[in-house]
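Secondary and tertiary structure notes
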Amino acid sequence: MKKIEMIFMIVMLSIIISACGAQSKIDKSPDNNDESPIAVEEKEIEENEDVNEDGETLYILKGKDFSDDVALILRLDESGNQIVSVIDEKGNIIFNMPQLDDDIYFDGLSSFYDGHIKWEDVFLDKNGNITFRWEEKYNTLYDIGNGYYLVKVNPEGYQQQSILCGIIDGYGNEVIPVSEELAHIVAPNGDLNFSRISYKEKGILAINNAIVDANERMITYLEGYNANGNGSSAFLGKRKDIIVTIWGQIYNLDGSLRTTLDIERSTELIVSDNVIFNFSHNRAINGTTVNIFDFQGNLIVKKELQNCVMNSVTASENGKCAFYIDGSDGFYATMMDENGEFLFEPVKCYDATCQQFTEISDGLLKISCDAKTTKFINDKGECVVTVNVNCRNVGDCVNGYILVDDGGQCYYVDSNGNKL
């Protein structure tokens, strides 16, 4: 009996010691109240595998920005083979892309736009179905952004004929029909050299005095613009009913010159939603002069920013542009509205070797805080997302998601700081 009592006491003592040990572990852990919600979320990210809603573990090597609620990723499958997949906003794999004939060159692949993506000689929709086989109709195809593609048709037969060029979407619709006119613009000597076209983004081609806009399905020839014939263009931007050049010329959509801004040639221009920003260094005040014009060319705002030396200004989004300043102890960043006002007190950036002069995207501006921390701030100067990765390896916030490369393995973070 005494032996049984002794065993019982030993068991109870073991239970008490175990409980105390567990309690002391809890007591020694950091106080979670001292950590920001973002830091807590990031700690949870480090402790968990990249498991999606379907219970699959994703090892993402590279990724594309989210578009149309999906993203293209390069990942390792269970056998360690590289495979390109399409995922949704919960990280679930929708389908795997067909294997390329050659090695996978992921960086050169397009993203989804308007429900389709180019994959070798076909276009696929978001379920992997083929929407169009472009090589059955065209000889050459180039991506010009916004889901549009410049195509070329080579002549056939014994008679001399010219090449034809046009612009299609991902379903094979010719938004600008193939013609000799477009071929003469993009390939004046019959040789289509895509690299010579100076502007080929967002569905717009600008070459010499011609502006080809697939979005509006129109071609505009700028009146009186002296092109040198080498494919260069002074195109800066298109808004509403105007086209603006880097020299401050404002054209109507029919190509007629509306007006020319009264600015110095060496200054910087940014076309915003409703106005045109003009920035120049002013030695007299050791600062920056900001001129703001309406689309008729009228000067509506003039500001002298004394002792505020502009380093860079990036493109506008929703009437705001990012404004970078050479401060006494490094770089600072803020946003400026269409009245020339800072939207918040300039924020200190990390050293220039890491800081990238990024544009505002999804209303957020990416700021490098130190060698291992990147923050996203809104137009009130508030930090809404913190990523503990070097700025060089953190993408912009695009369609609500940020692509992060953390030492060779990638993941996505949403605009609330939650990992996908």
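Look above for the structure.
Residues numbered from 1 in each chain as written. Predicted model: local features only at pLDDT ≥ 70, side-chain atom pairs only at ≥ 80, totals over all residues. Heavy atoms only, no water.

Observations regarding the sheet that holds strand 23 (residues 299-305)
Read from one edge to the other, the open sheet built from four strands follows the order 20-21-22-23, with strand pairing classed as antiparallel. Each of the sheet's edge strands pairs with one partner strand only, and the pair in question is strand 20 (268-271) and strand 23. Across the sheet, the axes of successive neighbouring strands diverge by a mean angle of 15 degrees, strand direction being ignored. Pairing of strand 22 (residues 287-293) with strand 23, which is carried by six bridges, proceeds in the antiparallel orientation. Considered in strand 23, the bridge of Ile292 is made with Val301. (Pairing = 2+ DSSP bridges. Helix = DSSP H or I, 4+ residues; strand = E, 2+ residues; numbered from the N terminus. Axes fitted to C-alpha atoms, helices over the stretch in contact; angles between N-to-C directions.)

A look at the side chain of Lys366
Summarising the element assignment, Lys366 is placed in strand 28 (residues 365-370). A distance of 2.5 Å separates a polar side-chain atom of Lys366 from the backbone oxygen of Val394. (Polar contact = N/O pair within 3.5 Å; in protein donor to acceptor, adjacent residues only side chain to side chain.)

Notes on the pairing of strand 24 (residues 309-317)
Each regular strand carries side chains that alternate between the two faces of the sheet. Bridge count for strand 24 against strand 25 (residues 320-327) is six bridges, and the pairing is antiparallel. Looking at strand 25, one finds that Glu317 is bridged to Lys320. From the end of strand 24 to the start of strand 25, which pair antiparallel, there are two residues, and Asn318 there has a positive phi angle of about 50 degrees.

Re the packing of aromatic side chains
On inspection of all chains with the given rule, the structure shows 10 aromatic pairs. Taking the centre distance of 5.4 Å and the plane angle of 50 degrees together, the rings of Phe323 and Phe342 count as tilted. Of this pair, Phe323 sits in strand 25 while Phe342 sits in the loop between strand 26 (330-336) and strand 27 (347-348), and the two are 19 residues apart along the sequence. Seen from the ring of Phe106, Lys64 lies directly overhead, with NZ or CZ sitting 5.3 Å from the centre. Between Lys200 and the ring centre of Phe194, over which it is positioned, the NZ or CZ distance is 4.9 Å. (Phe/Tyr/Trp six-rings, centres within 6.5 Å; stacked < 30°, edge-to-face > 60°. Lys NZ or Arg CZ within 6 Å of the ring centre and 35° of its normal.)

Concerning the pairing of strand 17 (residues 242-245)
Of the two faces of strand 17, both are covered, the one formed by Ile242 and Val244 as well as the one formed by Ile243 and Thr245. Where strand 16 (residues 235-239) meets strand 17, four bridges bridge the pair, whose relative direction is antiparallel. Bridge pairing in strand 17 links Lys238 to Ile243. Bridge count for strand 17 against strand 18 (residues 249-252) is three bridges, and the pairing is antiparallel. Bridge assignment links Val244 to a residue of strand 18, and that residue is Ile250. (Buried < 20%, exposed > 50% of the residue type's maximum accessible area, 1.4 Å probe, protein only.)

Considerations on the nonpolar core
By size, the foremost hydrophobic cluster in this structure holds 21 residues, and its most contacted members are Leu150, Cys165, Ile167, Leu182, Val186 and Leu205. Only strand 9 (148-153), strand 10 (164-169), strand 11 (174-179), helix 3 (180-186), strand 13 (204-207) and strand 14 (210-213) provide two or more residues apiece to this core. The dominant element in this core, judged by the number of residues it contributes, is helix 3, at four residues. (Core = buried A, V, L, I, M, F, W, Y, C linked by side-chain atoms within 4.5 Å.)

Points about the sheet that holds strand 10
With antiparallel pairing, four strands are arranged side by side in an open sheet as 8-9-10-11. Each edge of the open sheet carries a strand with a single partner, namely strand 8 (140-145) and strand 11. Looking at each pair of strands side by side, their axes are set apart by 20 degrees on average, direction ignored. Of the pairings in the sheet, the one linking strand 10 to strand 11 comprises three bridges and is antiparallel in character. By the bridge assignment, Cys165 is partnered in strand 11 with Ser179.

By themselves, these are just geometric observations and shouldn't be taken as functional.
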